[in-house]
Amino acid sequence: MRKAALLTVIGAAFLWSALGASVQGQGRGQQAVQMPEGAGKEAVQMTCARCHGLNMITGSWGNTKDGWKTLFGSMVQLPNDQAETISTYLAMHFPTKPAPEAVIIQGPAKVSFKEWVVPSLGSRPHDPLAAADGSIWWSGMFANVLGRLDPKTGAMKEYPLPKARSGPHGLVEDKTGNIWFTANQNTYVGKLDPKTGQVVEYPLPEGVRGPHTPIFDQKGTLFFTTQSGHVGRIIPSTGEMKVSATPSSGTYPYGIQVNSKGIPWFVDFRGNRVDSIDPVTMQITEYTLPSADARPRRIALTPDDVVWYTDFARGYLGRFDPVTKTTREFPSPGGRESEPYGIAYSRGAIWYSESSVRPNTLVRFDPKTEKFQTWIIPAGGGVVRNMMPFSNGNLALAESGINRVALVEITNPGTN
Ligand code: HEC
């Protein structure tokens, strides 16, 4: 009991600074908000504003009483009477609003979902990692932990990071099972040895901030994006780090993947660009997408090295062909406001999640037939910021706002 309370307090203290610095807060966060009068108002102000602005509540899509209880139950543990008062108040003043609806499209693939609430409440699991041994790792960004789940038994373990307020964000596994992660709030890239819990830190050079998403190439070289307009490379055998800036200024290198020839590609979330990196010279080449207001957020590559991306701002799945330099766009089933986000390639198809529709969807797009299929994510999704396939094609998801990780099993292997 005492331990749980302590963890919550640490999480809360960290969150104030994390949200202040976070570009991804998308403006949701801090300013003072007038809450409606009524029994429960003070309890909400006391309890919920500890971690984030009350506009997370006023700006939300509302909920039923049970829905509110489940949602804040993933953030904070409260005595029953308080949970009762708060959920009654919230359901009365913030009932379910009409949100962009999930659009369900039937199709040939069959999937099943398994979802788990992670141990540290309010930890905002940002990214998932589908590990070689079948486990799912996640970055508990606001709890300063990396976590590991064994989906077979449901057993979970969290690894606290030695450096306070690291803000673990993206994570990848090397061939010997070390977990490499970007410490988004603390300007280093880390390597966790799960056997010992020890972390080696690789600090970023002066002027480089917000390490974002890491990825390994086929040779075991680590590449990563940063929020300060740079990309970086670490050669693990020597620890040597090299960083280079994008040709354009004011960029936000975001999702990154490596193609079949060892070339890293990334998307620019602050411009209408996809970029490639020369892995030897670290020179960056920018390719401009046709729509000036396109904001590609995450990237997936197909085995033919075609670049797929989620256009978060405009509600499209995009396809950029690096050979012909042509772009095609497919309107996401949930529409322009659907905010497509985490994306992956698996089993011959593109999979992604629409993060604003309620509940969030899992979307499948077949590049051969150009047909969409969609499913509702059972616990709601809470913004799936990233997803990753296992070698057997199943997908690991992190559900940041509802403090969960998920396994999507694709149950008809015949598909594609
Ligand atoms: C221990 C910290 C903590 C406490 C206490 C807390 N929250 Fe949260 N809450 C979070 C985190 C972390 C997020 C995710 C923020 C993000 O993704 O930007 C979040 C997100 C939310 C969201 C958005 C969810 C979504 O689907 O995107 C709502 C609504 C919310 N909280 C309501 C509440 C209410 C109501 C309370 C009080 C009963 C509360 N929170 C208390 C940590 C907390």
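Residues numbered from 1 in each chain as written. Predicted model: local features only at pLDDT ≥ 70, side-chain atom pairs only at ≥ 80, totals over all residues.

Asker: Can you walk me through the confidence of the model for the protein in this structure?
Answerer: Caution applies to low-pLDDT parts of the model: their predicted coordinates are not meant to be read in detail. With 91% of its residues at a pLDDT of 70 or more, the protein has an overall mean of 91. A low-confidence stretch, residues 1-30 stays under pLDDT 50, and its non-local contacts, those more than four residues away or across chains, total 36 contacts. (pLDDT = per-residue confidence, 0-100. Contact = placed C-beta atoms within 7 Å.)

Asker: Honestly, the domain arrangement of the protein in this entry has me stumped. Any pointers?
Answerer: Interfaces are often sized by the accessible area lost when the parts come together. Domain parsing of the protein yields domain 1 (2-93) and domain 2 (104-411). A C-alpha centroid distance of 27 Å is found between domain 1 and domain 2. (Domains from an automatic or database assignment.)

Asker: Could you clarify how one ought to interpret the sheet that holds strand β5 (residues 156-160) in this entry?
Answerer: Adjacent strands of a sheet pair through backbone hydrogen bonds, lying either parallel or antiparallel. Strand order in the open sheet formed by 4 strands is β2-β3-β4-β5, and the pairing between neighbours is antiparallel. For this open sheet the edge positions go to β2 (125-130) and β5, each flanked by a neighbour on one side alone. Neighbour-to-neighbour, the strand axes of the sheet open up by a mean angle of 20°, direction not taken into account. When β2 meets strand β3 (residues 136-140), the two strands line up antiparallel, connected through 4 bridges. Within β3, the position partnered with A130 by the bridge is I136. (Pairing = 2+ DSSP bridges. Helix = DSSP H or I, 4+ residues; strand = E, 2+ residues; numbered from the N terminus. Axes fitted to C-alpha atoms, helices over the stretch in contact; angles between N-to-C directions.)

Asker: Help me out: how do you make sense of the pairing of strand β4 (residues 145-149) in this one?
Answerer: Two faces belong to every sheet, and in a regular strand the side chains alternate between them. Burial analysis of β4 places 5 of its 5 residues in the buried class, which makes it a mostly covered element. Inspection of the sheet shows β3 paired to β4 by 5 bridges, in the antiparallel sense. Residue pairing for β4: I136 is matched across the bridge by L149. Remark: 4 residues form the turn of the hairpin made by β3 and β4, two consecutive strands paired antiparallel; N144 in that turn has positive phi of roughly 60°. As paired elements, β4 and β5 share 5 bridges and run antiparallel to each other. From the neighbouring strand, L146 faces β5, where its bridge partner is Y159. Linking β4 back to β5 in an antiparallel pair, the connection comprises 6 residues, with G154 at a positive phi of about 80°. (Buried ≥ 20, exposed ≤ 12 C-beta atoms within 10 Å, placed from the backbone.)

Asker: Any chance you could explain the pairing of strand β9 (residues 198-203) here in plain terms?
Answerer: In this structure, strand β8 (residues 188-193) lies alongside β9, joined through 6 bridges in antiparallel fashion. In the sheet register, V189 faces β9, and the bridge partner there is Y202. Count of turn residues in the β8/β9 antiparallel hairpin: 4 residues, of which G197 carries a positive phi of about 80°.

Asker: Any chance you could explain the site of the ligand here in plain terms?
Answerer: Near the ligand you find 27 residues, and of these C48, C51, M75, G122 and G401 are the closest. Those elements that place two or more of their residues in the shell around the ligand are α1 (2-21), α2 (41-48), α3 (55-58) and α5 (80-93). Tallying contributions element by element places α1 first for the shell around the ligand, with 4 residues. (Near = placed C-beta within 6 Å.)

Asker: Please explain the packing of helix α4 (residues 65-73) against α5 as it appears in this structure.
Answerer: Between two packed helices, the angle of one axis relative to the other and the distance separating the axes together describe the packing. Close contact between α4 and α5 brings their axes to 8 Å; oriented N to C, the two are set at 125°. Judged by the inter-axis angle, α4 sits oblique to α5. Remark: the crossing between α4 and α5 carries right-handed chirality. Every residue of α5 that contacts α4 at K65, W68 and K69 is listed here: A83, S87, T88, L90 and A91. Residues belonging to the contact of α4 with α5 are distributed by class as follows: 4 nonpolar, 2 polar and 2 charged. (Parallel < 35°, antiparallel > 145°, perpendicular 65-115°, else oblique. Left-handed = near helix turned anticlockwise from the far one by under 90°. Nonpolar A, V, L, I, M, F, W, Y, C, P; charged D, E, K, R; others polar.)

Asker: How should the sheet that holds strand β14 (residues 253-258) be read in this particular structure?
Answerer: With respect to topology, 4 strands assemble into an open sheet ordered β14-β15-β16-β17, the strand pairing being antiparallel. The open sheet has two edge strands with one neighbour each: β14 and β17 (284-288). Going from strand to strand, the sheet's axes swing by 25° on average, the running direction of each strand aside. Direction of pairing for strand β15 (residues 264-268) relative to strand β16 (residues 273-277): antiparallel, over a ladder of 4 bridges. Across the sheet, residue W265 finds its bridge partner in β16, namely S276.

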